[in-house]
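Breakdown of the fold
The residues making up each chain are set out below.
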Amino acid sequence: MTVDGLVEGSTLGITYVHEHLMVKPQSDEPRFADYTLQDEEASTRETDSFRAAGGGTIVEMTPLYYGRNIEAYRRIAHRTGVTVICCTGFHKQEFLPPWFKEKNDTELYELLLDEITNGMDGTGVRPGVIKLGTSLNEITPDEERSIRLAARAHQETGIPISSHCDKGTMGMEQLKRLENLGVDPADVLLCHIDSKLDSAYAIELCREGASICIDHVGRELADHDKTRVKMILALLEAGYIDHVTLSGDMGKVNYLKAYGGKPGFSYILTDLKQELLRSITQKEFFQIMVENPRRIFTGHSEAR
Ligand SMILES: [Zn+2]
């Protein structure tokens, strides 16, 4: 499900599964200024660079009450030719809307279901993924609710779940809760797992049946992302290459070339690709960038 409705999975192409095109944390604290992307022209240029490097699809992971701008995502998609998939759902505790606590489970569930059925923010654009988030090393009672909501909305609609694991933590705890609620791990993508810098942990999550996203690449440029490359190789050796996705989560002015930062959206498909192809095959790179996202975002079961 994209900003232009349903498309064939085969048209998605190279997919970044966790990015931000336009985003604004709803807080006036100065430390969030860098995480604010509000220049549509710049975001369009950055998306153009992804297209020029061979990119096909971006999954926009800005959830409710985090400065989501569906109209802008649709315009950027149309101007660049990149397919954009949007999300519903909630971020971690710190970024939950003030009304989260005021609404009961039924009201929140109906809100998600309304976005999935009728579209988001009055645009008619329907989400292709449900987000949930947890805090560093803990799951708060509100986040427990968010997990239950996502599980229920997923079961009702078949839309996959993609989660924010703060600095990579709580991935297994999220997964166990979702499984207990009846969610198939194959429908769950755990993001930011590489931030924990622990390949054994990443492998364990894959063994449980979930997919993981390595999405904090491009921060250690001097080191050619050695740590992340090693982690991908460890996952490959363990037999889990079909559970791995790769993205940049570059929702920050310092990371985007069009905003004056680096390395920019093209990095994964240029420098990092070169680095990876020293140790993995083209086919394996294709599996990570095209096949795995296609499977996750079209629903793993053929019935859907
Ligand atoms: Zn993100």
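Residues numbered from 1 in each chain as written. Predicted model: local features only at pLDDT ≥ 70, side-chain atom pairs only at ≥ 80, totals over all residues.

Attention now goes to the pairing of strand β1 (residues 15-19). Counting buried positions over the 5 residues of β1 gives 5, a clear majority of the element. The sheet contact formed by β1 and strand β2 (residues 57-60) spans 3 bridges and is parallel. Counterpart to threonine 15 in the pairing with β2 is threonine 57. For the crossover that starts at β1, traverses helix α1 (residues 40-52) and ends in the parallel β2, the hand is right-handed. (Buried ≥ 20, exposed ≤ 12 C-beta atoms within 10 Å, placed from the backbone. Helix = DSSP H or I, 4+ residues; strand = E, 2+ residues; numbered from the N terminus. Pairing = 2+ DSSP bridges. Right-handed = clockwise from strand over helix to strand, strands pointing away.)

So, on to the environment of leucine 113. Following the sequence through the fold, leucine 113 ends up in helix α3 (residues 105-118). Residue leucine 113 is classed as partly exposed on the basis of its 16 C-beta neighbours within 10 Å. Along the primary structure leucine 113 and proline 127 are separated by 14 residues, whereas in three dimensions their C-alpha atoms are 10 Å apart. Filtering out sequence-adjacent residues up to four positions away, leucine 113 remains in contact with Ala153 and Glu156. (Contact = placed C-beta atoms within 7 Å.)

As summarised here, the arrangement of the 6 strands in space is β4-β5-β6-β7-β8-β9, forming an open sheet in which the pairing is parallel. In the strand order of this sheet, the two ends are held by β4 (87-89) and β9 (244-246), each with one partner. Pairwise comparison of adjacent strand axes, ignoring direction, gives a mean angle of 30° for this sheet. Sheet topology places strand β5 (residues 129-134) next to strand β6 (residues 161-165); 5 bridges connect them, and they run parallel. When the sheet's bridge partners are listed, isoleucine 130 is paired in β6 with isoleucine 161. (Axes fitted to C-alpha atoms, helices over the stretch in contact; angles between N-to-C directions.)

In a regular helix each residue adds 1.5 Å, so 17 residues correspond to 24 Å; helix α9 (residues 282-298) covers 23 Å between its end C-alpha atoms and thus fits that length. Its axis deflected by about 40° at isoleucine 288, α9 carries its strongest bend there. What α9 keeps buried is the set Ile288, Met289, Asn292, Pro293, Ile296 and Phe297. Taken together, the buried residues of α9 touch β1, β3 (83-85), β5, β7 (188-191), β8 (211-214) and β9. Two residues or fewer past α9, glycine 299 is found with a positive phi of approximately 90°. (Expected span 1.5 Å × (residues − 1). Bend = angle between axes of the 7 residues up to and from the residue.)

Okay, the nonpolar core next. Ranked by size, the top nonpolar core spans 78 residues in total, and within it Tyr73, Val84, Cys86, Ile130, Leu190, Ile212 and Ile214 carry the most contacts. At 5 residues, the largest contribution of residues to this core is made by helix α4 (residues 141-157). Excluding residues within four positions of it along the chain, isoleucine 212 makes contact with Leu190, Ile193, Ala202, Leu205, Cys206, His243 and Val244. (Core = buried A, V, L, I, M, F, W, Y, C linked by C-beta atoms within 7 Å.)

Glancing now at the packing of α3 against α4. The description of two packed helices rests on the angle between their axes and on the distance between the axes. Between α3 and α4, whose axes approach to 10 Å, the crossing angle comes to 45°. The angle between α3 and α4 falls in the class oblique. Regarding α3 and α4, the two cross each other, and that crossing is right-handed. Every residue of α4 that contacts α3 at Asp105, Leu108, Tyr109, Leu112, Leu113 and Ile116 is listed here: Arg145, Leu149, Arg152, Ala153, Glu156 and Thr157. (Parallel < 35°, antiparallel > 145°, perpendicular 65-115°, else oblique. Left-handed = near helix turned anticlockwise from the far one by under 90°.)

A separate point is unusual backbone geometry. Across the junction of lysine 262 and proline 263, the peptide omega takes the value 15°, indicating a cis bond. Relative to the elements of secondary structure, proline 263 occurs in the loop between β9 and α8 (271-276). Non-glycine residue tyrosine 65 carries a positive phi angle of around 60°. Mapped onto the fold, tyrosine 65 is located in the loop between β2 and α2 (70-80). Judged by C-beta crowding, with 16 C-beta atoms within 10 Å, tyrosine 65 ranks as partly exposed. Here the phi dihedral of aspartate 225 falls at roughly 55°; this positive angle occurs in a residue that is not glycine. By the element assignment, aspartate 225 lies in the loop between β8 and α7 (226-237). With 25 C-beta atoms counted inside 10 Å, the residue aspartate 225 sits in the buried group.

With respect to the element layout, glycine 251 can be found in the loop between β9 and α8. Glycine 251 gets classed as buried once you count the C-beta atoms within 10 Å, which come to 24. Distance from glycine 251 to histidine 20, taken between C-alpha atoms, is 4.8 Å for residues 231 residues apart in sequence. If we ignore the near neighbours within four places in the chain, the residues touching glycine 251 are Glu19, His20, Val23, Tyr35 and Leu37.

Let's shift gears to the packing of α1 against α2. For the pair α1 and α2, interaxial distance at closest approach is 9 Å and the crossing angle is 45°. Between α1 and α2, the angle is such that the two are oblique. Regarding α1 and α2, the two cross each other, and that crossing is right-handed. Of α2, the residues touching α1 (which contributes Glu40, Ser43, Thr44, Thr47, Asp48 and Arg51) are Ala72, Ile76, Arg79 and Thr80. Looking at side-chain class alone, the contact of α1 with α2 contains 2 nonpolar, 4 polar and 4 charged residues. (Nonpolar A, V, L, I, M, F, W, Y, C, P; charged D, E, K, R; others polar.)

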